[in-house]
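An overview of the molecular structure
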Amino acid sequence: GVDVRGDGTFTPYRGGLLDYGDRRVWVLALPPSAAASLAQAQLVAGDARTTARRLRAGGWLVLSQALAAEHHLHVGQALTLPTPAPQRLRLAATSTNLSWAPGAVIMDAADFARAWGSPDVSAYGVLLDRGVSPARGAREIERALGAGSGLSVQTAAAHAAQQSALSRQALARLGQIATLILVVAVLAMAAAMGALLWQRRPRLAKLRLEGLAQAEMWAAV
């Protein structure tokens, strides 16, 4: 039920992390057969069909909008990534950060291999025969890999669930950061007001001695 001969249903994927400026970005290298899966919803600037065609042809890449803005890049402009074997590529489109906060890069798998100077593969995509369930396919692949393999098997549904969980975790972390900033701002304001009251204590004491009601004094403060 699982084809492992590499004849079109067993697709190699490449990818990794790259230090680009002050960011550690995620580089996703798509094989030609997967470039068409690029969704318009993932793009901020650019057309999905044109971008997929350019990626398949090679020599083009996609950057997260934040990365493109940080490096003052626009669609069609050439750039060189700081890879082990730098390649001159052109910006086909800008995208979201693909749930990776520092930013992401999408490029062709062949361009990735040249840029890293290595044909090493990060993952394999397996297309199951008709009628074979993902669970059965995963079991057969695990059995074929053997117990000593350093590879792990994950179905498309499990991968999508993992990405969704990471996105929810990132949003939750942003919510926590926003709450923390609000708390810090309130504490800073309270500290500033306390310092002001401490500096004005002789004046406040004089007003109190002159008969100003406590409620009126606090209202004035």
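The notes below deal with the structure included here. Everything numeric here is computed off the predicted structure, so don't read it as measured data.

The next subject is the nonpolar core. Among the nonpolar cores identified, the biggest contains 18 residues, and Leu61, Leu63, Leu79 and Val105 are the most heavily contacted of them. Where this core is concerned, the elements lending two or more residues are β1 (10–20), β2 (23–30), β4 (60–64), α2 (65–70), β6 (88–95), β7 (104–108) and α3 (109–116). Considering each element in turn, this core owes the most residues, three residues, to β2. If we ignore the near neighbours within four places in the chain, the residues touching Leu79 are Tyr20, Leu61, Leu63, Leu73, Gln87, Arg88, Leu89, Arg90 and Leu91. Among the nonpolar cores identified, the runner-up in size contains nine residues, and Leu30, Leu43, Val62 and Ile106 belong to it.

Within this structure, the stated rule accounts for three salt bridges. Here Glu70 makes a salt bridge to Arg23, at a shortest N to O gap of 2.8 Å. A residue pair is termed long-range when its members are at least 10 positions apart, and Glu70 in helix α2 and Arg23 in strand β2 qualify at 47 residues. Taking relative accessible area as the criterion, Arg23 reaches 22% and is therefore assigned partly exposed.

Once that is clear, we can look at helix α4 (residues 134–145). Over its twelve residues, α4 extends 16 Å from the first C-alpha to the last, a length consistent with the 16 Å expected when each residue adds 1.5 Å. Along α4, the positions that sit buried rather than exposed are Gly137, Ala138 and Ile141. Burial along α4 is one-sided: seen end-on, the buried residues are contained in an arc of 100°. Elements in contact with the buried residues of α4: β8 (123–126).

Those residues of α3 not exposed but buried are Ala109, Asp111, Phe112, Ala113 and Ala115. Capping the start of α3 is the job of one residue whose side-chain oxygen sits 3.0 Å from the backbone nitrogen of Ala110: Asp108.

With that settled, the discussion passes to the packing of aromatic side chains. Tallying each qualifying case throughout the model produces one aromatic pair. Centre to centre, the rings of Phe112 and Trp116 are 4.1 Å apart; their planes meet at 15°, and the pair counts as stacked. Placement of the pair is Phe112 and Trp116 together in helix α3, with a separation of four residues, close to one helical turn. The ring of Trp60 carries the charged tip of Arg54 above its face, separated from the ring centre by 4.2 Å.

Each value, and the rule that gives it
- Residues numbered from 1 in each chain as written.
- Predicted model: local features only at pLDDT ≥ 70, side-chain atom pairs only at ≥ 80, totals over all residues.
- Heavy atoms only, no water.
- Core = buried A, V, L, I, M, F, W, Y, C linked by side-chain atoms within 4.5 Å.
- Buried < 20%, exposed > 50% of the residue type's maximum accessible area, 1.4 Å probe, protein only.
- Helix = DSSP H or I, 4+ residues; strand = E, 2+ residues; numbered from the N terminus.
- Contact = heavy atoms within 4.5 Å.
- Salt bridge = Lys/Arg side-chain N within 4 Å of Asp/Glu carboxyl O.
- Expected span 1.5 Å × (residues − 1).
- Arc of directions from axis to C-beta.
- Polar contact = N/O pair within 3.5 Å; in protein donor to acceptor, adjacent residues only side chain to side chain.
- Phe/Tyr/Trp six-rings, centres within 6.5 Å; stacked < 30°, edge-to-face > 60°.
- Lys NZ or Arg CZ within 6 Å of the ring centre and 35° of its normal.

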